[in-house]
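Okay, here's what each chain looks like letter by letter:
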Amino acid sequence: MPTDRARLSTVLVVVAALLPAGACAAPVRTSPLPELVIGADLELSGAYAEMGTAFERALRLRVEQVNTTGDRPVRIVYRDNRSDKSLSQQNITALAADTSISAIITGACGECAMASAAAVAERAYR
């Protein structure tokens, strides 16, 4: 009989220890989170192509990692600005106008980012 009481007390201690952990757990989600869409204006060709393609590979790798372990799918929409600030401005203006895109990543071309700042600021204040 003492062994049955010892087992019962062990079970009660384990259950009591698990209850607080269960209370702190995240709520059970019945529907998946919506896809997070990010725009990327990168130098995939032109003078800064070496850096732009490195950025693209790094982003693709990170998205793959996030999508295998995360609970919210991520997708990146890539645009090649050809290392041209006027094309970059067009790309970023189009990405900023797309309501499904939550964020925009720019590459190594600082002139490109500066030329597009107005388009991004305009979307932020709408």
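Residues numbered from 1 in each chain as written. Predicted model: local features only at pLDDT ≥ 70, side-chain atom pairs only at ≥ 80, totals over all residues. Heavy atoms only, no water.

Let us now look at the state of the cysteines. Enumeration over the complete set of coordinates arrives at one disulfide. Cys109 shares a disulfide with Cys112; S-S distance 2.2 Å. Looking along the S-S bond of the Cys109-Cys112 disulfide, the torsion reads about 75 degrees, which is the right-handed sense. Of the two residues, Cys109 and Cys112, both sit in the buried class. (Disulfide = S-S within 2.5 Å. Buried < 20%, exposed > 50% of the residue type's maximum accessible area, 1.4 Å probe, protein only.)

Quick look at the side chain of Asp41 now. Structurally, the position occupied by Asp41 is in strand 1 (residues 36–42). Buried within the structure, Asp41 lacks any salt-bridge partner; Arg79 is the closest side chain of opposite charge, at an N-O distance of 7.6 Å. Looking at Asp41, its side chain comes within polar contact range of the side chain of Ser88, at 2.4 Å. Discounting residues that sit within four places of it in the chain, Asp41 has contacts with Arg79, Asn81, Ser88, Asn91, Ile92, Leu95, Ile105, Thr106 and Gly107. (Helix = DSSP H or I, 4+ residues; strand = E, 2+ residues; numbered from the N terminus. Lys, Arg positive; Asp, Glu negative; His and termini not counted. Salt bridge = Lys/Arg side-chain N within 4 Å of Asp/Glu carboxyl O. Polar contact = N/O pair within 3.5 Å; in protein donor to acceptor, adjacent residues only side chain to side chain. Contact = heavy atoms within 4.5 Å.)

Let's shift gears to the sheet that holds strand 2 (residues 74–80). Strand order in the open sheet formed by three strands is 2-1-3, and the pairing between neighbours is parallel. Two strands bound the open sheet, and with one partner strand each, they are strand 2 and strand 3 (101–106). When strand polarity is set aside, the average angle formed by the axes of neighbouring strands in this sheet is 25 degrees. (Pairing = 2+ DSSP bridges. Axes fitted to C-alpha atoms, helices over the stretch in contact; angles between N-to-C directions.)

Grouped burial of nonpolar side chains is what soluble globular proteins tend to show. Membership of the largest hydrophobic core is limited to eight residues, which are Ile38, Ala40, Leu42, Leu59, Val63, Val74, Ile76 and Tyr78. At the level of elements, strand 1, helix 2 (49–69) and strand 2 are the ones that each hand at least two residues to this core. Ignoring sequence-local partners within four residues, the contact set of Ile76 consists of Ile38, Ala40, Leu59 and Val63. (Core = buried A, V, L, I, M, F, W, Y, C linked by side-chain atoms within 4.5 Å.)

Averaged over every residue, the pLDDT of the protein chain is 81; residues scoring 70 or more account for 71%. When mean pLDDT is taken per element in the protein chain, strand 2 scores highest with 98 and helix 1 (residues 2–24) scores lowest with 47. Counted against residues more than four places away or in other chains, residues 6–19, with its pLDDT under 50, gives zero contacts. (pLDDT = per-residue confidence, 0-100.)

A rise of 1.5 Å per residue sets the reference length of helix 3 (residues 85–97), with its 13 residues, at 18 Å; its end C-alpha atoms lie 18 Å apart and thus fit the reference within 8%. Every buried residue of helix 3 is accounted for by Leu87, Ser88, Asn91, Ile92, Leu95 and Ala96. On an axial view of helix 3, the arc spanned by its buried residues comes to 165 degrees, and they lie on one face. (Expected span 1.5 Å × (residues − 1). Arc of directions from axis to C-beta.)

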